Amino acid sequence: MRLVLASASPARLSVLRAAGVEPVVLVSGVDEDAVAAALTDPGPEELVAALAEAKARAVLSRVDLPDAVVVGCDSMLLFDGAVVGKPGTAEVARKRWAAMAGGTGVLLTGHAVLRPDGSAVRGASGTERTTVRFGQPTEAELEAYLASGEPLAVAGGFTLDLLGGWFVDGVDGVPSSVIGISLPLTRRLLAEVGVSVVDLWGPATGTSPAPAG
């Protein structure tokens, strides 16, 4: 059994690897704007779930493995009543951080799991909600963060596991979901299509970590 990750996200890949899974990575290339435009007035959770499923389905036809399950994800930040995706430019990211600093937002991560089963496809989907409490970077810190380029290409304009983690005061919910993929939700969705997460663990799983300190 192999897990196919329908995402180019290094953060999602890193989370899965740290959790004992070495996925096959196939990038979906889905036109996210087109998927969103095809929906009729979607709510935030419906939108991220639809985008996650579109990514998984786009990859499914390219899977050439005897036993595999495809996982697609999409993340967006719900802040002040608006859904926020990737800033794209430093100017947009600067404006967003001016609004977010010292406040809270909800990181929504949609998940879709598809498993070929003969001529049929078994599927399950869901969305994880995690509250993010933002810190207040100084002007110099924010400019340095923007200059790194990191916040321009990530949902909400921040990361938890990289440079952006310095400016996040805390999260209420599932930390891995903020990074890009919720391990607890993914485990439940895999179970719905008949896959146990332990069957995806690599042979090195279970080795003792190095002592701390």
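Residues numbered from 1 in each chain as written. Predicted model: local features only at pLDDT ≥ 70, side-chain atom pairs only at ≥ 80, totals over all residues. Heavy atoms only, no water.

Engineer: Looking at this structure, how should I read the overall build of the protein?
Structural biologist: Scanning the protein from N- to C-terminus turns up seven helices and seven strands. Walking the protein from its N terminus toward its C terminus, one meets helices and strands in the order β-α-β-α-α-β-β-α-β-β-α-β-α-α. Taking the principal axes of the C-alpha coordinates as reference, the protein spans close to 55 × 55 × 25 Å. Here the protein holds 213 residues, and 43% of them are scored as buried. Sequence-distant contacts, at least 24 apart, represent 68% of the contacts inside the protein between residues at least 6 apart. Accessible area of the protein: about 10600 Å², with a carbon and sulfur share of 53%. Each charge class in the protein was averaged separately, 16 positive and 24 negative side chains, and the resulting centres sit 4 Å apart. (Helix = DSSP H or I, 4+ residues; strand = E, 2+ residues; numbered from the N terminus. Buried < 20%, exposed > 50% of the residue type's maximum accessible area, 1.4 Å probe, protein only. Contact = heavy atoms within 4.5 Å. Areas by Shrake-Rupley, 256 points an atom, 1.4 Å probe, with all protein chains shown as cover. Lys, Arg positive; Asp, Glu negative; His and termini not counted. Charge placed at Lys NZ, Arg CZ, Asp CG, Glu CD.)

Engineer: Whenever I open this one, the packing of helix H4 (residues 90-100) against helix H5 (residues 139-148) confuses me. Can you help?
Structural biologist: Between two packed helices, the angle of one axis relative to the other and the distance separating the axes together describe the packing. Running from N to C, H4 and H5 cross one another at 145 degrees; their axes reach a closest spacing of 10 Å. In this structure, H4 crosses over H5, and the sense of that crossing is right-handed. Across the interface between the two elements, Ala 90, Ala 93, Arg 94 and Trp 97 from H4 touch Leu 142, Glu 143, Tyr 145 and Leu 146 from H5. Of the residues contributing to the contact of H4 with H5, the split by class is six nonpolar, no polar and two charged. (Axes fitted to C-alpha atoms, helices over the stretch in contact; angles between N-to-C directions. Left-handed = near helix turned anticlockwise from the far one by under 90°. Nonpolar A, V, L, I, M, F, W, Y, C, P; charged D, E, K, R; others polar.)

Engineer: Just checking my understanding: could you explain the environment of Met 100 for this structure?
Structural biologist: Considering the arrangement of structural elements, one finds Met 100 in helix H4. According to the relative accessible area criterion, Met 100 is buried, its value standing at 2%. In contact with Met 100, other than residues within four places in its own chain, are Leu 77, Phe 79, Phe 134 and Gly 156.

Engineer: Can you walk me through the pairing of strand S1 (residues 2-5) in this structure?
Structural biologist: Looking down a regular strand, the side chains alternate between one sheet face and the other. One ladder, built from four bridges, connects S1 with strand S3 (residues 68-79); its direction is parallel. Of the residues in S3, the one forming a bridge with Leu 5 is Val 71. In this sheet, strand S2 (residues 24-25) lies alongside S1 in parallel orientation, the contact comprising two bridges. From the neighbouring strand, Leu 5 faces S2, where its bridge partner is Val 25. Of the crossover connections in this fold, the one passing from S1 over helix H1 (residues 10-18) to the parallel S2 is right-handed. (Pairing = 2+ DSSP bridges. Right-handed = clockwise from strand over helix to strand, strands pointing away.)

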